[in-house]
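Structural description and commentary
What follows is each chain in one-letter form.
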Amino acid sequence: ATHKILLLPGDGIGPEVAAEAKKVLKLFEEAGYGSFETETDLVGGAAIDAHGKPVTDAAVALAKDADAVLFGAVGGPKWDKVAYEIRPEAGLLRLRKDLGLFANLRPAICYGALAEASSLKRDLVEDLDILIVRELTGGVYFGEPKEIVTLESGEKRAVDTQIYTTGEIDRIARVAFDLARTRRNKVSSAEKRNVMKSGVLWNQVVTAIHAKDYADVELEHVLADNCAMQLVRKPKQYDVIVCDNLFGDILSDVAAMLTGSLGMLPSASLGAPDAAGRRASLYEPVHGSAPDIAGQGLANPLAMIGSVAMALRYSLGLGEAADKLEAAIGSVLASGARTRDIAPAGANAIGTGEMGDAVVAALKPL
Ligand code: NAI
Ligand code: MG
């Protein structure tokens with residue numbers, strides 16, 4: 001099979017970690033997992049410098065055509081003063097919008113060897129593997145009206161509007177149920193039905209499609225604030241957590257701290273499947289362009305490499321390759337290899353390229 005990949009390395013450490021992702025793809029190609037046709041284009045500050053905007057129409061077209069987009073990171077002090085509409089982040093926002101990426105997948109995986117880096121005790125997080133499915137294009141971040149108005153009294157009033165339609169809830173819930181079937185078969189749906197109408201509707205829609213199409217999957221409803229508490233108290237009770245945009249933003253950051261470093265966190269964003277079952281998708285590390293360490297070969301490439309694993313699993317039909325890649329990351333960490341961000345103070349650290357090489361070596365023989 002031929003896999004069309006669009007690589008958008010971006011700025012700062014983006015290109016450094018993207019180079020390690022390429023090493024991994026090359027190895028899978030050599031091992032017979034198909035041919036990876038990789039195109040590379042500019043995004044973020046790099047695209048602003050070259051084209052005056054953070055993503056070109058041509059790059060968006062390539063992204064739509066690709067089986068998966070691998071995105072590094074964008075931004076940096078050099079572009080802090082460009083107009084708001086063309087700031088580096090606007091490139092990522094346009095890609096999300098034009099590709100219709102409504103489902104954001106944030107795994108929180110705690111490799112046993114890194115359990116000490118967690119904010120929690122080792123036994124609570126060792127070998128943790130949960131997945132937060134966040135609705136990404138609706139809810140209070142986008143609902144209208146959204147404004148600050150001055151009242152007659154002179155007081156000001158800020159308004160944000162939380163809106164969800166049954167269709168929006170239905171499609172994100174289906175993503176969560178489908179993913180749960182490939183994992184431990186459990187979905188926890190988090191909302192605040194006790195105080196929010198959108199929570200009531202969320203609960204009703206999730207319950208209805210569960211009964212209709214996913215009765216084989218275990219479903220529980222949890223209030224979002226309780227979910228935050230449970231994530232810190234006993235995170236291994238969860239498998240897949242599905243929630244709206246706002247709660248997902250918060251819960252995924254809580255879950256991130258269970259696993260240690262920002263340099264370890266991958267993510268995926270998926271669009272709706274077309275008639276042929278293909279969905280647009282973009283895979284990226286959660287971290288940004290890390291200007292403080294850019295250009296020094298210090299960045300941890302494992303968030304980016306973990307994002308490649310997600311692309312293999314969710315967009316390229318190579319779940320077995322993804323399992324092997326994640327196992328390789330685990331064994332490299334178990335061997336004691338650490339980039340600076342995950343090394344204990346005073347311990348020896350390796351660089352970006354060495355970590356990528358270590359993962360490639362651990363994958364062999366494929
Ligand atoms: P950041 O994630 O770039 O860095 C935060 C801290 O974590 C820094 O100390 C950095 O050195 C460290 N860090 C991040 N990734 C690392 C890695 N792979 N290995 C080792 N250490 C790592 O967030 P920050 O500093 O708030 O933002 C820097 C720039 O990145 C800004 O321009 C921001 O707008 C942009 N940004 C872009 C994102 C994206 O492209 N999706 C997401 C977040 C921020
Ligand atoms: Mg956040």
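Before reading further, recall that the structure is shown in the block above.
We now turn to the structure provided with this report. Nothing here was measured: the structure is a model prediction, and the numbers come from that model.

**Focus on the site of ligand 1**
- Not every one of the 21 residues close to ligand 1 is listed here, only the nearest: Gly 75, Gly 263, His 287, Gly 288 and Asn 300.
- Split into classes, the residues belonging to the shell around ligand 1 amount to 10 nonpolar, seven polar and four charged.

**Structural notes on the sheet that holds strand β10 (residues 240–243)**
- Pairing is mixed in the open sheet, where 10 strands are placed in the order β2-β1-β3-β12-β11-β4-β5-β10-β8-β9. The outermost strands of the open sheet, each flanked by one partner alone, are β2 (35–40) and β9 (218–223). Neighbour to neighbour, the strand axes of the sheet diverge by 25 degrees on average, direction disregarded.
- Judged from the six bridges that link them, strand β8 (residues 186–191) and β9 form a sheet pairing that is parallel.

**What about unusual backbone geometry?**
- For the bond from Glu 144 to Pro 145, the omega torsion is 0 degrees, close enough to zero to count as cis.
- Positionally, Pro 145 belongs in strand β6 (residues 143–150).
- Backbone torsion omega between Lys 364 and Pro 365 reads -5 degrees, so that peptide bond is classified as cis.
- The residue Pro 365 is located in the segment after α12 (352–363) in this model.
- Unlike most non-glycine residues, Ala 290 shows phi in positive territory, near 40 degrees.
- Inspection of the secondary structure assignment puts Ala 290 in the loop between β12 (281–285) and α10 (302–314).

Criteria and thresholds
- Residues numbered from 1 in each chain as written.
- Chains lettered and ligands numbered in written order.
- Predicted model: local features only at pLDDT ≥ 70, side-chain atom pairs only at ≥ 80, totals over all residues.
- Near = placed C-beta within 6 Å.
- Nonpolar A, V, L, I, M, F, W, Y, C, P; charged D, E, K, R; others polar.
- Pairing = 2+ DSSP bridges.
- Helix = DSSP H or I, 4+ residues; strand = E, 2+ residues; numbered from the N terminus.
- Axes fitted to C-alpha atoms, helices over the stretch in contact; angles between N-to-C directions.

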